[in-house]
Amino acid sequence: MEFNDVNERNRYKQHSKNNKQVMGQFEQIQTRKAISSYGGVGSIIETRDGSILIDNFNEWPFFQSINGKFEEHNFIVDKRFKNRLSRYFQELEHLVKIPVNDLKQGFKPENQFAFLSAKYFPEWFYCNNCSRFDRFDKWKNNWENNVNSEHKESFFPPKCCHCYIKNRDKKRKFFDLEQVRFILTSPNGEIADIPWDKWAMYRNSKNNNKEEPRESVSEEDIISLANIQVPEDTIFEYKTSDKLDDLKGIWIIVRKKGGEQLNFTTLSGLFNLRIKIQDLIPNTKEENVLFKPVIRSSNSVYYPNILSSIFIPANDELNEYSINLIREEHNDGSNAKTISKNLKRYKSIEIDSSTIQKLIDNNFSERELEIAKTENQYRFDEYKFITEKDSERVEDKLIFNKIDKPFFQSDLIKSIFKMDKIKISSVQTSFTRQEPISSSQILQDEDSEKTTKESIVKKFTSTHGKTTKYLPAIESFGEGIFFDFDNDILDKWSKSNIKIQERISILIGNKQQFESAFSEDFELNAKYILIHTFSHLIIKELEYLCGYPSTSIQERLFIDKDLGMNGVLIYTIAGSEGSYGGITSICNDERIGKLIESAMIRAIDCATDPICYHTHGQGVANLNLSACFSCTLLPETSCEKFNCYLDRRILIDKDYGYFKNIINRT
């Protein structure tokens, strides 16, 4: 299994005096997790020795050491995908593979530059033994200045120098520090430590211990800490109570260096705190953007914007020769349909008229033709390539074949494809905090006229932003099953019973009330909910039948009303307890049909029924109906829509469920 190394100190350091190289601490993570829902640029990763914040990718030692001088083996070759990304990153030259490295003897990297970099975050640590509470840099400086030379290199994981000094002659002299659990996030993607020293001084100076958190804070409630003065040589202590389990049970004590107590406060009311960005980040161009406290493990801390692509051949018919022919005929007055017929008849070149029209509209630029597509249009190329063929093998990167209809419920499912091998390339372009954004906004700028200080704004993974010349990517090979539904059958079913539309209208209403950019890029209808829920139930059934954990299986939705696209790919990739033929092997006989039947039957029973089955809304913003963790929801790494827009009832209800024939037979 391939791994990445994360440098837990800020950088790789080199002492030039004696030419001795001194490494920071290292942590191994799987390569594929470096671009994932919880492990990419801007994420907080929990390690054995503390939580760390991943740096911008252009600050990684790997990219700094190469400095743009990549070799062929560093690149991911996917012309179609690169052209799409070039729509937004107009100076993009390469998709670069995440560096791979192994640790020797458990702590030394094999390649001194091929690793990611990170820093400890939050930077406020406390000692459980003596309760001292301070910033990381002060803990480290005190250790280097006061600890015996033989132990100076033993600071990592961070340790308390005060307890060491007291116990240096005893058997136990090392006491590890712990990080505080609370941090600040802002809607523009920034993250920061809570200024605990100023918080303690402010709270006592105002005697303002508010107890109940509120959903929103007015201008009058905004706390400005810019003018709060913290006396020099103050000592902070962080203590917790064994009797109180809320924020009142966490205390911060401020003392003078001699031990005299200056202030005392609890964390009660912490979640009412709002801090302006200019009070936290010096020389920032932003103004009045507000930070708010969250727990560092909260899901709202990090939402990566990841784009992925299944490898299919670029349109080889569309080359310089054919484009010149199209241009000549267009200049002679021929329309797209005529040009398409002439190319096929006289030149044996097959290019459909819609592609020719798009080429004309984009001034005969092949690059612009590819990058002008929306996410669904981009996926439609993959959908068409798979569903219009019975089998295909492309450069040992894509191998699939259609399975025989007698093996499954062909009256309900149009086609099933056994995907023996797929190549998926993934790139993280940016991330947001507090709320996710829709996939259509990943390659779009925010509307400056509509953007406010509360608006969710994406933060790029590189300090170069849109002008970056390369993006880090991962290339994964795996296996899967592709399900394709018949559009006419779905239309007939959705209109067959008024109760179906009644249920869908509930979700549509909940979606409209949910003011978030996350839900703006698609039309919610019965087909969408049906296929998405079907995907979840199949993934859960694969856990039982094949033994794969659901965390190792993912979905890729192909749903669009205008394009007539009604499919889903369920896949696993190499290295994630999968890609060993366990999924595709069930497509060789009747087991695939039994899998579908078993999934629907299992969905009848939920531990929270009848509440789950009859609910009118549950989950985030009530964006699910009959769907909870006991029956339908998946780990967030598996679902493209953050476990939203699900309803098992429209699949299994005995009166109007799409799979009611299976249910009624049991």
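**Side note on the overall build of the chain**
- Helix and strand content of the chain: 17 helices and 28 strands.
- Counting over 666 residues, the chain shows a buried share of 53%.
- Just so you have it, the chain exposes about 31600 Å², and 43% of that area is on carbon and sulfur atoms.

**Focus: helix H10 (residues 375-387)**
- Relative to the 18 Å expected for 13 residues at 1.5 Å per residue, H10 spans 18 Å between its end C-alpha atoms, a close match to the ideal helical length.
- Taken residue by residue, H10 has Glu 375, Asn 376, Tyr 378, Arg 379, Phe 380, Asp 381, Glu 382, Tyr 383, Phe 385, Ile 386 and Thr 387 as its buried positions.

**A word on the pattern of salt bridges**
- Counted by the stated rule, this structure contains 29 salt bridges.
- The salt bridge partner of Asp 390 is Lys 402, with a shortest N-O separation of 3.4 Å. Taken as a pair, Asp 390 in the loop between H10 and strand S22 (391-394) and Lys 402 in strand S23 (residues 398-402) lie far apart in primary sequence, 12 residues in all.
- Among the residues examined, Asp 390 registers a relative accessible area of 52% and is labelled exposed.
- In this structure, Asp 420 engages Lys 418 in a salt bridge whose closest nitrogen and oxygen atoms are separated by 3.6 Å.
- Owing to a relative accessible area of 31%, Asp 420 belongs among the partly exposed residues under this scheme.
- Ionic contacts of the salt-bridge type, sharing partners, join the residues Arg 84, Glu 375, Arg 379 and Glu 640 into one network.

**Quick word on the sheet that holds strand S14 (residues 182-185)**
- Read across the open sheet, the 4 strands follow the order S15-S14-S20-S19; overall the sheet is antiparallel. Each having just a single partner strand, strand S15 (191-192) and strand S19 (275-276) make up the two edges of the open sheet.
- Bridge count for S14 against S15 is 2 bridges, and the pairing is antiparallel. For Leu 184, the partnering residue across the bridge sits in S15 and is Ala 192.

**What about the nonpolar core?**
- Counting residues in each nonpolar core, the largest one holds 58 residues, and the members touching the most others are Trp 60, Phe 63, Leu 85, Leu 95 and Leu 471.
- Residue contacts for Leu 471: discarding those within four places in its chain leaves Phe 57, Leu 85, Phe 89, Leu 92, His 94, Leu 95, Val 96, Val 427 and Thr 429.
- By size, the runner-up hydrophobic cluster in this structure holds 56 residues, among which are Ile 413, Tyr 548, Leu 623 and Tyr 658.

**Side note on the packing of helix H7 (residues 336-347) against helix H8 (residues 353-361)**
- Where H7 meets H8, the closest approach of the two axes is 8 Å, and the angle between their N-to-C directions is 120 degrees. It follows from the interaxial angle that H7 and H8 lie oblique. The two elements H7 and H8 cross, and the hand of that crossing is right-handed. Along the contact surface, H7 presents Ala 336, Lys 337, Ile 339, Ser 340 and Leu 343, while H8 presents Ser 353, Ile 356, Gln 357 and Ile 360.
- Along the lines of polarity and charge, the residues of the contact of H7 with H8 split into 5 nonpolar, 3 polar and 1 charged.

**Observations regarding the side chain of Asn 58**
- Turning to its location among the elements, Asn 58 is positioned in the loop between strand S6 (50-54) and helix H1 (61-66).
- Overall, Asn 58 belongs to the buried group, its relative accessible area being 13%.
- Here the side chain of Asn 58 touches Thr 463 through a polar contact of 2.6 Å, side chain to side chain.
- Not counting residues within four places of it along the chain, the set of residues in contact with Asn 58 comprises Phe 63, Gln 64, Thr 461, Ser 462, Thr 463 and His 464.

**Here's the deal with helix H2 (residues 79-86)**
- Here H2 lies mainly inside the structure; 6 of its 8 residues are buried.
- Those residues of H2 not exposed but buried are Arg 80, Phe 81, Asn 83, Arg 84, Leu 85 and Ser 86.

**Focus on the packing of aromatic side chains**
- Tallying each qualifying case throughout the model produces 46 aromatic pairs.
- Here the aromatic rings of Tyr 164 and Phe 174 are separated by 5.9 Å at their centres, their planes lie at 25 degrees, and the arrangement is stacked. Note that Tyr 164 is positioned in helix H4 (residues 161-167) and Phe 174 in the loop between H4 and strand S13 (177-179), a separation of 10 residues in sequence.
- The class for Tyr 164 is buried, based on a relative accessible area of 0%.

Thresholds, definitions, all that
- Residues numbered from 1 in each chain as written.
- Predicted model: local features only at pLDDT ≥ 70, side-chain atom pairs only at ≥ 80, totals over all residues.
- Heavy atoms only, no water.
- Helix = DSSP H or I, 4+ residues; strand = E, 2+ residues; numbered from the N terminus.
- Buried < 20%, exposed > 50% of the residue type's maximum accessible area, 1.4 Å probe, protein only.
- Areas by Shrake-Rupley, 256 points an atom, 1.4 Å probe, with all protein chains shown as cover.
- Expected span 1.5 Å × (residues − 1).
- Salt bridge = Lys/Arg side-chain N within 4 Å of Asp/Glu carboxyl O.
- Pairing = 2+ DSSP bridges.
- Core = buried A, V, L, I, M, F, W, Y, C linked by side-chain atoms within 4.5 Å.
- Contact = heavy atoms within 4.5 Å.
- Axes fitted to C-alpha atoms, helices over the stretch in contact; angles between N-to-C directions.
- Parallel < 35°, antiparallel > 145°, perpendicular 65-115°, else oblique.
- Left-handed = near helix turned anticlockwise from the far one by under 90°.
- Nonpolar A, V, L, I, M, F, W, Y, C, P; charged D, E, K, R; others polar.
- Polar contact = N/O pair within 3.5 Å; in protein donor to acceptor, adjacent residues only side chain to side chain.
- Phe/Tyr/Trp six-rings, centres within 6.5 Å; stacked < 30°, edge-to-face > 60°.

Shape is all these values report; function is a separate question.
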